[in-house]
Amino acid sequence: MNLIFLGPPGAGKGTIAARLVASAGLEHLSTGDMLREEMKQGTELGKLAKQYIEEGKLVPDSVIIGMVKERLAKTEAGIMFDGFPRTVAQAEALDEIAKIDAVIDLETTVDVVVERICGRRLCKQCGAVYNVKWYSGSTCEKCGGELYIRADDTEETIRKRFDVYLKETAPLVDYYDAKGLVHRIDATGDVNEKVEEIAAIIESVK
Ligand code: AP5
């Protein structure tokens, strides 16, 4: 089974995918996490991506599609795609290499995501996601790594990323609706309820 999480920055894609990936028996593929790893390693791809990410723009399709193809070539497992595809060109490229069984569309507003992302903290070591609303520590509960704020998590960049989402990525809801694959979720509610709701959808498409 292959599943896609669609939704604006801060909708909860990464948080929910991390909670469900093991029980669903899938691998988590987050293009955002992959790009941040390239940046951390200081690779050419990472240096290129940094400029786009810090300005809240999308990294070019050719770079993203090449990176995803390389990753998919290394696994036989089903995938939980998080943050990919983000353009129609990426969705068309994905259609050529994988069959998609369901698309979870996390819907929310710009005000909700600005508040969430301004409080987001990530672990430098394992990438676990926290929020100051429910965790006030400075180290990761899972691995002890130091928590940090993403360079693109400023209010200005979040608003820009939200606009980019509406222009470039939201059309994918229609793209996958035409294939009868979309499950719409109101992502503004309690995260535990959202995890349960989506777990039930995954069971129903298995
Ligand atoms: P990426 O890392 O994918 O960022 P994003 O899509 O902007 O999404 P976020 O990680 O900001 O949000 P999320 O939905 O995962 O929310 P989270 O679970 O963390 O991409 C970053 C950049 O890389 C892009 O801007 C682009 O430049 C580039 N890029 C990546 N993929 C690309 C692609 N395919 N093509 C081109 N460029 C690409 O939750 C946010 C916060 O809210 C957390 O603190 C969490 O604890 C909290 N939270 C979550 N759910 C709830 C809830 N229900 N209630 C309360 N709080 C909640």
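Scroll up to find the structure this text is about.
Residue numbers restart at each chain and count upward from 1, following the sequence in its written direction. Restriction of local features to residues with pLDDT of at least 70 applies here, the model being predicted, together with a cutoff of 80 or more for giving and counting side-chain atom pairs; totals for whole chains, interfaces and linings are based on all residues. Heavy atoms from the whole structure form the basis of all side-chain values; hydrogens and water molecules are not counted.

Caption draft 1: The overall build of the protein chain, seen in detail. Helices and strands together make up the secondary structure of the protein chain, namely nine helices and eight strands. Taken against the 2.2 N^0.38 rule, which gives 17 Å for 206 residues, the C-alpha radius of gyration of the protein chain at 16 Å falls within 12% of a compact globule. Reported as C-alpha extents along the three principal axes, the dimensions of the protein chain are approximately 40 × 40 × 30 Å. Any residue under 20% of the maximum accessible area for its type is buried, any over 50% is exposed, and the rest in between are partly exposed; the area is computed with a 1.4 Å probe on protein chains only. In the protein chain, buried positions account for 46% of the 206 residues. The criterion used for residue contact is that any of the two residues' heavy atoms lie within 4.5 Å. A fraction of 72% describes how many contacts in the protein chain between residues 6 or more apart in sequence connect residues 24 or more apart. Using a 1.4 Å probe, accessible areas were evaluated by the Shrake-Rupley method; residue-level cover was limited to the displayed protein chains. Split by element, the accessible area of the protein chain, about 10,400 Å² in all, is 50% carbon and sulfur. In summary, the charge assignment counts Lys and Arg as positive and Asp and Glu as negative, without counting His or the chain termini. Charge positions come from single atoms, namely NZ of Lys, CZ of Arg, CG of Asp or CD of Glu. Charged side chains of the protein chain number 27 positive and 35 negative; the gap between the two group centres comes to 3 Å. Each helix is a run of H or I in the DSSP string that is no shorter than four residues. Each strand is a run of E no shorter than two, and both are numbered from the N terminus. All radius of gyration figures rest on C-alpha atoms, and the globule criterion is 2.2 Å times the number of residues raised to 0.38.

Caption draft 2: Highlighting the side chain of Asn 2. Topologically, Asn 2 is positioned in the segment before strand 1 (3-6). Polar contact criterion, stated in full: a pair of N or O atoms within 3.5 Å, where within protein one must be able to donate a hydrogen and the other to accept it, and residues adjacent in sequence count only if both atoms are side-chain atoms. Of the polar contacts made by the side chain of Asn 2, one reaches the backbone nitrogen of Ile 79; its length is 2.9 Å. Reaching out from Asn 2, the side chain makes a polar contact with the backbone oxygen of Lys 99 at a distance of 2.9 Å. If we ignore the near neighbours within four places in the chain, the residues touching Asn 2 are Gly 78, Ile 79, Phe 81, Ala 98, Lys 99, Ile 100, Asp 101 and Ala 102.

Caption draft 3: Region of interest: the pairing of strand 5 (residues 120-123). Strand pairing follows a simple DSSP-based rule, namely that at least 2 bridges must link the two strands. As defined by bridge partners, strand 5 adjoins strand 6 (residues 129-131) across three bridges and the pair is classed as antiparallel. Residue pairing in the sheet places Arg 120 in a bridge with Asn 131 of strand 6. Count of turn residues in the strand 5/strand 6 antiparallel hairpin: five residues, of which Gly 127 carries a positive phi of about 80°. Pairing analysis gives two bridges linking strand 5 to strand 7 (residues 147-148), with the strands arranged antiparallel. Within the sheet, the bridge partner assigned to Cys 123 lies in strand 7 and is Leu 147.

Caption draft 4: Region of the structure containing the pattern of salt bridges. Within this document, salt bridges are pairs made up of a side-chain nitrogen of Lys or Arg and a carboxyl oxygen of Asp or Glu, the two lying within 4 Å of each other. One pass over the full model with this rule turns up 20 salt bridges. A salt bridge links Arg 159 to Asp 111; its shortest N-O distance comes to 4.0 Å. Of this pair, Arg 159 sits in helix 7 (residues 155-169) while Asp 111 sits in helix 6 (residues 110-118), and the two are 48 residues apart along the sequence. Connected through shared salt-bridge partners, Arg 120, Arg 150, Asp 152, Asp 153 and Arg 161 make up one network.

Caption draft 5: Representation of the side chain of Asp 82. Along the chain, the position of Asp 82 falls in strand 3 (residues 79-82). Buried charge without a partner: Asp 82 forms no salt bridge, and the closest opposite charge is Lys 13, 5.1 Å away. Once residues lying within four places of it in the same chain are set aside, the contact partners of Asp 82 are Phe 5, Lys 13, Gly 14, Ala 17, His 28, Leu 29, Ser 30 and Thr 31.

Caption draft 6: Focus on the packing of aromatic side chains. Aromatic rings from Phe, Tyr and Trp, taking only the six-membered ring of Trp, are treated as a pair when their centres fall within 6.5 Å; an angle between ring planes under 30 degrees marks them as stacked, one over 60 as edge-to-face, and anything in between as tilted. Evaluated as defined, the whole model comprises four aromatic pairs. On the basis of an interplanar angle of 35° and a centroid distance of 4.7 Å, the ring pair of Tyr 130 and Tyr 135 is categorised as tilted. What makes Tyr 130 buried here is its relative accessible area of 5%. Given a relative accessible area of 15%, Tyr 135 falls into the buried group. Here Tyr 175 and Tyr 176 contribute two aromatic rings whose centre-to-centre distance is 5.0 Å and whose plane-to-plane angle is 85°, an arrangement assigned as edge-to-face. Of the two residues examined, Tyr 175 and Tyr 176, each falls in the buried class.

Caption draft 7: Geometry of the site of the ligand. The criterion for a residue being near a molecule or strand is simple. One of its heavy atoms has to lie within 4 Å of it. Not every one of the 34 residues close to the ligand is listed here, only the nearest: Thr 15, Lys 57, Arg 86, Arg 120 and Arg 161. Contacts to the ligand include Val 59, whose backbone N or O atom sits 3.0 Å from a nitrogen atom. Between Gly 189 and the ligand, the recorded distance is 2.9 Å, taken from a backbone N or O atom to a nitrogen atom. Against a free-state accessible area of 1,000 Å², the protein chains account for coverage of 93% of the ligand. Secondary structure elements with two or more residues in the shell around the ligand: helix 1 (13-24), helix 2 (31-41), helix 6 and strand 6.

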